[in-house]
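Single-letter residue listing:
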Amino acid sequence: MASPAFGAPGGAPTWCSSDKDFVTTAIGPSRLWATVGHGIVNEVYWPSTGQPQVRDISFYLVGDGHWIDLKRVRRYRLSTAGPYLPAVTIVHEGDNYQLTLDVLPDPRRDALLIRFDLEGPYRLVAILAPHLGSSGRDNSAWIDGGLGFAKSGDFSLCWAPSAPFTRVSCGYVGTSDGWQDLNHNGALAWEFDHASDGTVALSAELSGSHGVMAVGFSDSPRAALTLARSALTESFQDVRRHFLKYWEQWGVALKLPRPNDRLGDAGLLSATVLKMHEDRNFPGAVVASLSVPWGNSTDSLGGYHLVWPRDATLTAFALLAANQPHDARHILGHLLATQTSDGRWPQNYFPSGEPFWTGVQLDETAFPVLLAAKLRELGDEELSGIGPMVRAAVGFIVRSGPSSEQDRWEENPGVSSFTLAIVIAALVAAGPWLTAEERAYAESLADDWNERLEGWCYVTGTALAQEHRVAGYYVRLGTTDEDGAAGDRIALRNREGETILANALVSLEFSYLVRLGLRSPRDPRVLDTLVVVDSVLGVETPSGTLYHRYNDDGYGEHADGRPFDGHGIGRGWPLLVGERGHLAMQAGEDPLPYLQTMWNCASAGGLLPEQVWDAAAIPALGLVPGRPSGSAMPLLWSHAEFLKLLVARENGGRPIEMLVDVERRYAGATPPAAAQSRWRTEAPVVLLVAPRELLIEDREPFSLHFGINGWKEPRDRDATQGPFGLWSVALKADDLGGQASVQFTRRYGERWEGKDHSVSLVRTAGAHALQLAR
C-alpha cells in the first residue's frame, strides 16, 4: 500500500544545542562514517566525508499504551573501547528499562552495524531518515521482502535485521512516517510499502530483545542489499575485533604527554578525531567537521563536511605533533593535488577537489607552504611535485598580497595580522624551493611586509586604548590604501548591516605573530593587546574563560536560543582558548589551565565544539553555559589547537608551527629594516626612509612618469619584469638622494592611470617610526 499524503520536508523546526556526542569510522576499505548524538545515530556519511546520506536513526521503546522517545528523554551514557578505539556503546537507562546500542562501521564493507540489547517490558522501534544525495528531498523509500530500501539518484541503501522485522513501513516525514504512527497509535500500526519522491522515512519494530541491524550503502538497491546481508553473516564480535585491530595498529604510534589521565586521554581522543575525518576515496582530504551547524534548521548541501585548506593544514600540524607524520604527508599530498592553476586553493571544497565556496583567503594559500617546510625541517622525504606547488603558491601570494579578499573568518577584506603572519612566514620558508633570484625577492618582500605590519594593524591613542590604559593594540583588520585611516568603519557581516570603527575592532588575530616567531611574546604591543583582548573578548563560563572571535560578532545563536540564521550573537570559541594558551605558554606561563578549560567544553563523548553557550541557561533548548551550542561539533580546528598546545607544553613551549628559518630571520624581536619599500596600489608607501630604495610594482607592464619635490625634473622609466611575473621600477639613491619627496603616475600603453601619487623622503629614526605607523 502506498503511503498517503506527501508531507512537509521535515515538519516544524526543532531548535536545540549541538546534537553530536561522537564520530566513528573504520580503518580499512569501508567508506562510511557515522555520528552519534542525543543517544541515537545522527548523520551517516558515504562514500565520502563530504556526502551525508542519512539524517538520523532514532530509537523508541513501545509498551502497553505508551511509548518513549529516547532522543527526547536523553538519559544515557556513552563509552568507547579506548581513547583511540572509536567503537561506540550507548546505554539508555530508565526506571524499568535498559537499552544498549553498539554502533560499529564494518571495516570491510560500506555498511553500518548496530547491535541492540533491551531489558524491560518494551519493544524496540527504530526510524531511519534517508537523506540520500545529501538532501532530504527527492528520496524514495519502499519495502521489499521485509527489508527497507531507499534511493535517490545514484545513491541507495538497504536496512536489514539479523532476525526479521516484526513490522516495517515507510512514509513521508510529517504525515505518514513512523513518528506520526507512534504519535497517533501508540505503536507501529501502519504498513505502507512505498513512498516516492519526497522527504521520507523508514520505520521498523525489531524482533526480540537483542540482535543486530545493518544498513548497507551502494549505487544500486541490489548492491546495498548484498552489503547489508553479507555484513550480518559475520559475528558482530568478529567484526568488532577487526575494527579494533586496525585502530590499535594506528594508535600505537601516538606519542603524547599525559599531564593527568583526563588530559592524556583527551589528547589521544583528539588525535583520533582528526584521523577519523580523513576521506577514504581521497586520502589526505580532511573535512572541517562531520556536521552541519544548527543542522536542525537547515538543509545545506555544504555544512562543514568540506575541506578548508587552513583547517586541513592545522590538522596536519597537530598530527605531526602526535607523531603521525604519514597522515600529515597524506594531507599535504591532497593539498598538492587540489591547488588551482593560479597557485591558490579554493576557499573550501569537497574531498574530490570540487570547489564549494570560491573566495580567496591568502592564509589558505600560505599554510600548505608552511606544512611542506615543516616536513622538510623534520627530514621527511619530499613528495613529488612539492617544488612547483610551493613556487606557484608563493607567486600567488606575491601578486595578491598583502591584503586578502577574505580574512580567516571568511567575512571581510583587508589586512589581517593573522593572515599576514602566515604569509610572511611562508615567503621565508619557501626559500629552499626557489631560485636564487626568487628567494631574494620573496625574503625582501617578507621583510617589507613584516616591517610595515604595525602600520596596517596596530593603533594607538584610541578611546579603547585610553579606557584600558594601554598605548595601543592590534586590530582585527587594517587598511592599506592611500586614503584609508584607522578610523574607517568595518561592516559586521552577521549583524544585519551594522558597522564598527576599525580601530575599535579587536581579536586574537595577532597571536600568530608570536606563534611563528615574528614578534616576541613580551613585545609591549603584544602585552597591551592582551590587556584589551582579555577584557573585551573574554567571557566567564562554568567551563572557564572563553573568547569571542571579535567584539560584536553575530555568528551564533540569538539571545533567545534560536539558531543562527544569517545573524545572531557570537559565542565563546574553545579554539581561541588554545590560541590564548599558546601566547601564555610562549610568555613562560604553564598553559595547563587553558587545556583544562578547552576540555571542559567537550561533549559527553569528548568532541570539541566550534562554540559554547555563554549566556543564561535555556533548558528547553538544551543550552547550558559553558557547554556546546548548536554550532559545528566536532570542529577539527578545535581539536588540532588542543593537541598542539598539549604537545608544545612538553616540548619547551615551542609551537609545532614554528620554523627554524623564520625564527632565525626574525627572532621574535623588533623587525629588521627592509632593504626596499614596495609601493603597490593596494599597499602604498607614504614615507620612505633614505637611503632605502623605492620599488613601484604592478601586475602589468607600465611606464613610470616621475619627478621630485613637486614634479621637478620629470622623467620616464619603463618597468621591467621580475620574479613571479610582477613589473617594477626601482627608484634608487641616485634618483632620490637629498630630496624631500617624489611624485609619480603610471602609463599603461596609451592609457594613463589618471592619478598622481606622492612619497615623502626622510632620513631620521623618528621618521622611520612614522613610516612604520603607516
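Scroll up to find the structure.
The paragraphs below set out a description of the structure included in this document. (Residues numbered from 1 in each chain as written. Predicted model: local features only at pLDDT ≥ 70, side-chain atom pairs only at ≥ 80, totals over all residues. Heavy atoms only, no water.)

## Digging into the pattern of salt bridges
Alright, step 1. Under the defined criterion, the tally for this structure stands at 55 salt bridges.
Alright, step 2. The partner of Asp238 in a salt bridge is Arg241, with the nearest N and O atoms 2.5 Å apart. Here the residue Asp238 and the residue Arg241 both occupy positions in helix H4 (residues 236–251), the gap between them amounting to three residues, near one helical turn.
Alright, step 3. Classification of Asp238 as partly exposed rests on a relative accessible area of 31%.
Alright, step 4. By relative accessible area, which is 51% here, Arg241 ends up exposed.
Alright, step 5. When the shortest N-O distance is used, the salt bridge between Glu713 and Arg715 registers 3.5 Å.
Alright, step 6. In this structure Glu713 comes out as exposed when scored by relative accessible area, which is 54%.
Alright, step 7. The class of Arg715 is partly exposed, set by a relative accessible area of 25%.
Alright, step 8. Each of the salt bridges in this network shares a partner with another, and the network as a whole consists of Asp407, Glu411, Arg476, Arg549 and Asp553. (Salt bridge = Lys/Arg side-chain N within 4 Å of Asp/Glu carboxyl O. Helix = DSSP H or I, 4+ residues; strand = E, 2+ residues; numbered from the N terminus. Buried < 20%, exposed > 50% of the residue type's maximum accessible area, 1.4 Å probe, protein only.)

## Quick look at the side chain of Thr24
Alright, step 1. Mapped onto the elements, Thr24 comes out in strand E1 (residues 22–25).
Alright, step 2. By relative accessible area, Thr24 is classed as buried at 0%.
Alright, step 3. Among the polar contacts made by the side chain of Thr24, one reaches the main-chain carbonyl oxygen of Pro86 at a distance of 2.6 Å.
Alright, step 4. With near-sequence residues (within four places) excluded, Thr24 lies in contact with Leu32, Trp33, Ala34, Pro86, Val88, Val103, Pro105, Phe243 and Met276. (Polar contact = N/O pair within 3.5 Å; in protein donor to acceptor, adjacent residues only side chain to side chain. Contact = heavy atoms within 4.5 Å.)

## Brief notes about the nonpolar core
General note: in soluble globular proteins, nonpolar side chains tend to be found buried as a group.
Alright, step 1. Ranked by size, the top nonpolar core spans 222 residues in total, and within it Phe59, Leu370 and Leu427 carry the most contacts.
Alright, step 2. When residues of this core are assigned to their parent elements, the largest contribution, eleven residues, is made by helix H10 (residues 417–429).
Alright, step 3. Ignoring anything within four residues of it in the chain, the contact list for Phe59 reads Ile40, Val41, Ile68, Asp69, Leu70, Leu101, Ile114, Leu124, Val125, Ala126 and Met213.
Alright, step 4. Formed by 17 residues, the second largest nonpolar core is a distinct cluster that contains Ile696, Phe706, Leu736 and Tyr748. (Core = buried A, V, L, I, M, F, W, Y, C linked by side-chain atoms within 4.5 Å.)

## A look at helix H11 (residues 436–457)
Alright, step 1. Its 22 residues give H11 an end-to-end C-alpha distance of 31 Å, which sits within 8% of 32 Å, the value for a rise of 1.5 Å per residue.
Alright, step 2. The largest bend along H11 measures about 35 degrees and falls at Glu451.
Alright, step 3. Burial analysis of H11 places 18 of its 22 residues in the buried class, which makes it a mostly covered element. (Expected span 1.5 Å × (residues − 1). Bend = angle between axes of the 7 residues up to and from the residue.)

## Digging into the side chain of Asp311
Alright, step 1. Here Asp311 is to be found in helix H6 (residues 309–321).
Alright, step 2. Take Asp311: its relative accessible area is 7%, and that puts it in the buried class.
Alright, step 3. For Asp311, the contacting residues outside a window of four places in its chain are Ala288 and Trp637.

## Quick notes on helix H8 (residues 362–377)
Alright, step 1. Between its terminal C-alpha atoms H8 stretches 23 Å, which fits the 22 Å expected from 16 residues at 1.5 Å a residue.
Alright, step 2. When you tally the buried positions in H8, you get 14 out of 16 residues, the bulk of the element.

## Details of the sheet that holds strand E24 (residues 676–679)
Alright, step 1. Pairing is mixed across the open sheet formed by four strands, whose spatial order is E24-E26-E30-E29. Where the open sheet ends on each side, the last strands, each with one partner, are E24 and strand E29 (720–721).
Alright, step 2. Inspection of the sheet shows E29 paired to strand E30 (residues 727–731) by two bridges, in the antiparallel sense. Its bridge partner lying in E30, Gln721 is registered against Trp727.
Alright, step 3. Here H11 sits on the sheet and contacts E24 and strand E26 (693–698); the angle it forms with E24, its principal contact strand, is near 80 degrees. (Pairing = 2+ DSSP bridges. Axes fitted to C-alpha atoms, helices over the stretch in contact; angles between N-to-C directions.)

## As for the environment of Thr545
Alright, step 1. Mapped onto the fold, Thr545 is located in strand E23 (residues 544–547).
Alright, step 2. Considered as a pair, Thr545 and Asp534 are eleven residues apart in the sequence and their alpha carbons are 9.2 Å apart.
Alright, step 3. With near-sequence residues (within four places) excluded, Thr545 lies in contact with Gly538, Val539, Glu540, Val577 and Thr597.
Alright, step 4. Of the polar contacts made by the side chain of Thr545, one reaches the side chain of Glu540; its length is 2.6 Å.

## With respect to the packing of aromatic side chains
Any two aromatic rings considered together are summarised by their centre-to-centre distance and by the angle between their planes.
Alright, step 1. Under the defined criterion, the tally for this structure stands at 28 aromatic pairs.
Alright, step 2. Aromatic pair Phe367 and Phe418: ring centres 6.1 Å apart, planes at 55 degrees, arrangement tilted. Here Phe367 is found in helix H8, whereas its partner Phe418 is found in helix H10, with 51 residues between them in sequence.
Alright, step 3. With relative accessibility at 0%, the residue Phe418 sits in the buried group.
Alright, step 4. Aromatic ring contacts, followed pair by pair, group Trp294, Trp409, Tyr555, Phe564, Trp573 and Trp637 into a single cluster.
Alright, step 5. Between Arg376 and the ring centre of Trp433, over which it is positioned, the NZ or CZ distance is 5.3 Å.
Alright, step 6. Above the ring of Trp752, the side-chain terminus of Arg747 is found at 5.5 Å from the ring centroid. (Phe/Tyr/Trp six-rings, centres within 6.5 Å; stacked < 30°, edge-to-face > 60°. Lys NZ or Arg CZ within 6 Å of the ring centre and 35° of its normal.)

## Notes on the packing of H8 against H10
Alright, step 1. In the contact formed by H8 and H10, the axes pass within 8 Å of each other and the chain directions differ by 40 degrees. Taken as axis vectors, H8 and H10 run oblique relative to one another. In terms of crossing hand, the pair formed by H8 and H10 is left-handed. Two secondary-structure elements touch here, H8 through Leu362, Asp363, Ala366, Phe367, Val369, Leu370 and Ala373 and H10 through Phe418, Thr419, Ile422, Val423, Ala425, Ala426 and Ala429.
Alright, step 2. Its residues placed into classes, the contact of H8 with H10 shows twelve nonpolar, one polar and one charged. (Parallel < 35°, antiparallel > 145°, perpendicular 65-115°, else oblique. Left-handed = near helix turned anticlockwise from the far one by under 90°. Nonpolar A, V, L, I, M, F, W, Y, C, P; charged D, E, K, R; others polar.)

## Brief notes about the packing of helix H9 (residues 386–400) against H11
Alright, step 1. As a packed pair, H9 and H11 sit with axes 12 Å apart at the nearest point and diverge in direction by 45 degrees. One finds that H9 runs oblique with respect to H11. Note that H9 runs across H11; the crossing there is left-handed. Where H9 approaches H11, its residues Arg391, Val394, Ile397 and Val398 are matched on the opposing element by Glu438, Tyr441, Ala442, Leu445 and Trp449.
Alright, step 2. Its residues assigned to classes, the contact of H9 with H11 shows seven nonpolar, no polar and two charged.

## Points about the environment of Gly606
Alright, step 1. Relative to the helices and strands, Gly606 resides in the loop between helix H16 (592–600) and helix H17 (636–650).
Alright, step 2. Counting along the chain gives 432 residues from Gly606 to Gly174, while the straight-line C-alpha distance between them is 33 Å.
Alright, step 3. Discounting chain neighbours no more than four positions away, the residues touching Gly606 are Asp21, Leu269, Trp599 and His639.

## Some details on the pairing of strand E14 (residues 167–172)
Alright, step 1. Most of E14 sits inside the fold, with five of its six residues counted as buried.
Alright, step 2. Where E14 and strand E16 (residues 200–205) come together, six bridges link them in antiparallel fashion. Directly across from Cys170, in E16, lies its bridge partner Leu202.

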